[in-house]
Amino acid sequence: MPPLPRIAMFTWFGTLICLDTHSSSLVHRAPDALEPQHIVLGLEPTPTGAILSVAHAERATLPNLPSTLAIQEGHYQGSLLFHGDELFLVARPDGELSFLSAAAKEWEHFLPVPARDVELIHRIVAQYWSVNGGSPVKAGFCAFNLFFGEHVVELPGQLPLPLQQDLATLELQARDGVLRAVPVPGWRGRKQVWIHPHGNIGNRALQYLTAEGIARRVAGAVVTNIQLPMWQRETPAPRPPARESAGTGDDYHLDVAGLAACLDRDEVDAICLEGYCFHVSHYPSRATCRALLPPVPGQEAVQGFGPGQLVCSVRANEILNGEYPGYFPLPPAYYAKLQEESGLELVFYGQLGEDPYSAGLRAAFPRAQFVAGTSPGYDFEVLRRSANLALSISTFSWLAAWLSEAQRIYVPVGGMFSPVLQVGQLYLPLEEPAFRYVLLPPVTAVGLRANPARFWQMQDLLGAQARFATAQELRDMLARLEKRKPGRIELKDFDGTRYLARNADAALDVREGRGTALAHYLAIGARREHVIQNFDPLFYARTYPDASEAVALGHYDSLLAHFRDLGAALGYQPAA
C-alpha cells in the first residue's frame, strides 16, 4: 500500500478518500486499487480541531474545497460528516467525491481509521478465516462493518483492532457474541457451479454441460444440484447464499471463461446457472461430453439405424399447438430435399400420432419407415447410435446428435436453431464435419388446431424456401451478427471492489446480504426488445422471399428490422 496519513478516511463503500494528482480531483478508491497518482487523505490536527488534508501539506493544496469546512459527528457510531457552504461531502458511486448533498445519508458518512488498522483491514479481507472453529469463510468490509460469514463486527467499537501476534489470531466482539478467528492459509473456499434446472431432459443436460464447462476451468470446483434422472445423476443441493454467489440471469450466451475467472479469483464462491444454456461454445469438447453423459443406464443394448438410412427425428405433440415460438414441425417438402441430397432411406422416428401432421408425412412418404417413440431413454439412444440423423427442432435430438458418432447430421437452421431469431443461442458446430445445414425462412410457430390455414401456409413456406447452406455462409452470418450486437459484458477483468465503489445500489445489496458485486453486474446487462403492432411476419416472408433470405442469413435481425430498414422504402407492405 502507498504511504498513509495518521488517520485515513473510509467511505461507506469501504474505499479511501484520495487526491488524484492527474485530474486534481477528490476520489475514493479501494485499498487494493490505489494507483501512483492517488494520495490518501486523512485528518490532521489543528489548534481548533482537525482538517481534511494531505499529510504534511497545506490545506490550500486540495482542490474544490469550500471556503469553510466543518467536521461534525455523523449518525453512525464513530462516523464523521464534512460540511461546507451548506453542503455535505458525498462519495458518489462513480468513484468521485464532491460537495453536492444537502442531506446526510449513507454516502455522506466517513469513518476515521488509524493507518495501522487500514493496513490490517486490507489484509483481513484478503483471506479466509475459521471462525469459532467453523468452516473457513471469506472476510468482507462494507458499511463500516467487517463480515465473517454470518458474523458482523461493527468496526468503530473495535478500533484499534485488538490483535494477538499480528494476524495469527483475531478476537473481536461481533453482534452475536465474541468472534474468535484464525487465518486459513491457502484456503480458497468450496467453489461450485450450482444449477437451477429448467425444462426437459435435453435442456437440463445442456445446463449440466455448461456447468462443467465453467467448473473445469477452476481447480477444485464442483457442479451441484444436478437433476438428470435419465442418467441416474441427481445431486440435490440448496442454492448458495446470495452474499457468496452470482446468478447468470436468463441470457442464452454466457461468458463462460469470464465466469470461471471470477470464481477462480474469489469474486464469488459460487456461480448459479439460472437460465437455459443454448450455446455450443459453453460445452466441453464432444469427447468430454460423451464421457460426462455416457449411454443411458439400462439402454446399453439399444441398436440404432444403419448407414443406408436417415433417421428423421420427429417432434410433434405439444409443438403442434404452437405454444413455443421457436419450435415447429418440419414439412414433407423439407424431408424430400434431405432424401434427394442424401440418397438414403428415410426413417421417421419419435412423436408420431394420429394427427393431421403425422398423416401428411405418411402420405408423402409411403415407402418410409415410421416408428413411434417408446421412452425418453430408449429413444435417445436410438438417435445417438444411428449412422445418419436429421434433427427436429429440439434440444433432445440435438444433444443426441452431439453425443453421437453419426456420419451425417442435418440441422435445420430455423426457429430456436437460428442465431438470427434466437439472439444468444448457437447450435451450429461449424467445425464438425458431420454436421450439415438447411437454411429455413424466419418463421415462428403456429398452432395447427387453433389456426389450421395459417399452419399449412407456414409449412408451405418452409418447404418452398428451405435450402442447403454451407458452413462458410453461416460463418459469414455469425460475423454479421457479431458486428451488430452491443458490447458483451467481459468478466475476465471484473473487479468487485471497484464496481461497488461506483455503484451504490450494488453496495447496498452487498451490505444487506442480498447479493454480490458480480451478481449485480450480471443482472443489469439485460436488454429488452420492443415490438410494434400491425406487422405480420408470415405474410411478409411469403410475399417477399428476398427479405426472408436476407434475415435467415443474418443481414437483418428480424423481418421487422428488414421492413423498417429497407422494405418500407421499397413499398413492401407490413401485413395483408
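Refer to the structure presented above.
My aim in this report is to walk through the structure given alongside it, one point at a time. These numbers were taken from a predicted model, which means no experiment stands behind them. All residue numbers here refer to positions counted from 1 along the written sequence of the relevant chain. Confidence filtering applies because this is a predicted model: local features only for residues at pLDDT of at least 70, side-chain atom pairs given and counted only at 80 or more, and all residues used for totals across whole chains, interfaces and linings. Water and hydrogen atoms play no part in the side-chain values, which are based on all heavy atoms of the structure.

1. Side note on the overall build of the protein
So, step 1. Each helix corresponds to a stretch of at least 4 residues labelled H or I by DSSP, and each strand to a stretch of at least 2 residues labelled E; elements are numbered beginning at the N terminus. When its secondary structure is counted, the protein shows 16 helices and 31 strands.
So, step 2. Note on exposure labels: buried denotes an accessible area under 20% of the residue type's maximum, exposed denotes more than 50%, and partly exposed covers the range between, all computed with a 1.4 Å probe on protein chains only. Looking at the 576 residues of the protein, the share that counts as buried comes to 53%.
So, step 3. Within the protein, contacts between residues separated by at least 24 positions form 64% of all contacts whose residues are at least 6 apart in sequence.
So, step 4. Surface summary for the protein: the accessible area is close to 25000 Å², and the carbon and sulfur share equals 52%. Contacts are assigned to residue pairs with any non-hydrogen atoms lying within 4.5 Å of each other. Here, Shrake-Rupley sampling with a 1.4 Å probe gives the accessible areas, and only protein chains in the shown set may cover a residue.

2. What to know about the packing of helix 5 (residues 332–342) against helix 9 (residues 452–465)
So, step 1. Angles run from 0 to 180 degrees between N-to-C directions of axes, and those axes are lines fitted to C-alpha atoms, restricted for helices to the stretch in contact. Closest axis-to-axis distance for the helix 5/helix 9 pair is 7 Å, and the angle between their directions is 20°. On the basis of their axis angle, the class for helix 5 and helix 9 is roughly parallel. You can see that helix 5 and helix 9 cross each other, and the crossing is left-handed. Contact residues: P332, A333, Y334 and K337 in helix 5; Q459, G463, A464 and Q465 in helix 9.
So, step 2. Throughout, the ten residues Ala, Val, Leu, Ile, Met, Phe, Trp, Tyr, Cys and Pro are labelled nonpolar, Asp, Glu, Lys and Arg are labelled charged, and all others, Gly among them, are labelled polar. In terms of residue class, the contact of helix 5 with helix 9 is built from four nonpolar, three polar and one charged. An angle below 35 degrees is treated as roughly parallel, one above 145 as roughly antiparallel, one from 65 to 115 as roughly perpendicular, and anything else as oblique. A crossing counts as left-handed when the near helix is turned anticlockwise from the far one by less than a right angle, and as right-handed when that turn is clockwise.

3. Some words on unusual backbone geometry
So, step 1. Going from L159 to P160, the amide bond is cis rather than trans, its omega being -5°.
So, step 2. Summarising the element assignment, P160 is placed in the loop between strand 15 (151–154) and strand 16 (163–164).
So, step 3. Within the chain, Q232 stands out as a residue other than glycine whose phi angle is a positive 55°.
So, step 4. Its location among the elements puts Q232 in the loop between strand 21 (227–228) and strand 22 (233–234).

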